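Close look at the chain arrangement
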Amino acid sequence: ETGVTQTPRHLVMGMTNKKSLKCEQHLGHNAMYWYKQSAKKPLELMFVYNFKEQTENNSVPSRFSPECPNSSHLFLHLHTLQPEDSALYLCASSQWGGRYNEQFFGPGTRLTVL
Amino acid sequence: AQSVSQHNHHVILSEAASLELGCNYSYGGTVNLFWYVQYPGQHLQLLLKYFSGDPLVKGIKGFEAEFIKSKFSFNLRKPSVQWSDTAEYFCAVNVWGSGTYKYIFGTGTRLKVLA
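The text that follows walks through the structure, step by step, so that each part is easy to find. Please read all numbers here as calculations on a predicted model, not as lab measurements.

Quick look at the side chain of E88(B) now. Residue and element names in this part refer to chain B. With respect to the helices, strands and loops of the structure, E88 is situated in strand β10 (residues 87-97). By relative accessible area, which is 13% here, E88 ends up buried. Those residues in contact with E88, other than ones at most four positions away along the chain, are Y36, V37, Q38, T107, G108, T109 and R110.

For the coordinates displayed, the defined rule picks out 2 disulfides over all chains. Each sulfur of the disulfide joining C23(A) and C91(A) lies 1.9 Å from the other. Across the S-S bond of C23(A) and C91(A) the torsion is about -75 degrees, and the bridge reads as left-handed. In this pair, C23(A) is assigned in strand β3 (residues 18-25) and C91(A) in strand β9 (residues 87-94), connecting sequence segments 68 residues apart. For C23(A), a relative accessible area of 0% gives the class buried. Residue C23(B) pairs covalently with C91(B) via a disulfide, S to S 1.9 Å. Taking the sign of the S-S torsion, about -70 degrees here, the bridge from C23(B) to C91(B) comes out left-handed. With C23(B) in the loop between β3 (19-21) and β4 (24-26) and C91(B) in strand β10, this residue pair connects regions lying 68 residues apart in the sequence. The class of C91(B) is buried, set by a relative accessible area of 0%.

All right, on to the sheet that holds strand β7 (residues 64-70) of chain A then. All names here are of chain A. Strands sit in the order β1-β3-β8-β7 across an open sheet of 4 strands; the sheet is antiparallel. Of all the strands in the sheet, just β1 (4-7) and β7 have a single pairing partner and so form its edges. On average, adjacent strands in this sheet sit at an angle of 20 degrees to one another, irrespective of strand direction.

Here the focus is the pairing of β3(A). All names here are of chain A. When β1 meets β3, the two strands line up antiparallel, connected through 4 bridges. Looking at β3, one finds that T7 is bridged to K22. Where β3 and strand β8 (residues 73-79) come together, 7 bridges link them in antiparallel fashion. Its bridge partner being in β8, S20 is matched across the sheet by H77.

Summed over the entire model, instances satisfying the criterion amount to 13 aromatic pairs over all chains. Measuring from centroid to centroid gives 5.8 Å for F64(A) and Y89(A), while their planes differ by 35 degrees, and the two rings are tilted. Residue F64(A) is located in strand β7, and its partner Y89(A) is located in strand β9; the two are separated by 25 residues in the primary sequence. For F64(A), a relative accessible area of 6% gives the class buried. Relative accessible area serves as the criterion here: at 0%, Y89(A) is assigned to the buried category. Aromatic rings pair up to connect Y35(A), F105(A), F34(B), Y36(B), F51(B), Y103(B) and F105(B) into one cluster.

Scoring rules and cut-offs
- Residues numbered from 1 in each chain as written.
- Chains lettered and ligands numbered in written order.
- Predicted model: local features only at pLDDT ≥ 70, side-chain atom pairs only at ≥ 80, totals over all residues.
- Heavy atoms only, no water.
- Helix = DSSP H or I, 4+ residues; strand = E, 2+ residues; numbered from the N terminus.
- Buried < 20%, exposed > 50% of the residue type's maximum accessible area, 1.4 Å probe, protein only.
- Contact = heavy atoms within 4.5 Å.
- Disulfide = S-S within 2.5 Å.
- Pairing = 2+ DSSP bridges.
- Axes fitted to C-alpha atoms, helices over the stretch in contact; angles between N-to-C directions.
- Phe/Tyr/Trp six-rings, centres within 6.5 Å; stacked < 30°, edge-to-face > 60°.

Taken by themselves, the reported measurements are silent on function.
Here it is as structure tokens:
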């Protein structure tokens, strides 16, 4: 497997469920990101991990909980979500070097909250 | 707050027509600028990037973009589009330093090229 992979590709959950999204990068990068892509809205950066340390949390509600056990894996734990959280969740990775922040994206997880 | 504006949300062109997609950003400091493309059914991928130097940047598949600092713009151009250029195009700005990191995307422009 190459690049950035995400599982599952589609997820339907109720508001009381707990689920997790998984991302894995095979590019040797040291930074990973979660984005939310909603219809008719800009791609929103949610979390940034740099060398496994969370460096940014862009005012994301606590019902989204990220975890980065190592520089290749990133999780997004979900619980008590709202219908408005339905969106495409994208994971990306890059080499953390200040200037050279080209991001490599996974295919995304299409999340539907009922 | 920093933002990125893409003025055209939907563009329809015939093959061989010229393309220009507008992108303006609001940030007064040093930025890195990017155009990403998402072809139908595929991942977001980098089209071209600007860090410094020549403000006219060449990317893949014949695309180019010009950074005009005084206008806070980074417009994407292609002299002659092809049907295979049908995709969604996103402009992005990266700002970092002083304890902050931002990667801000525009809302995207859907381009449809008619054969």
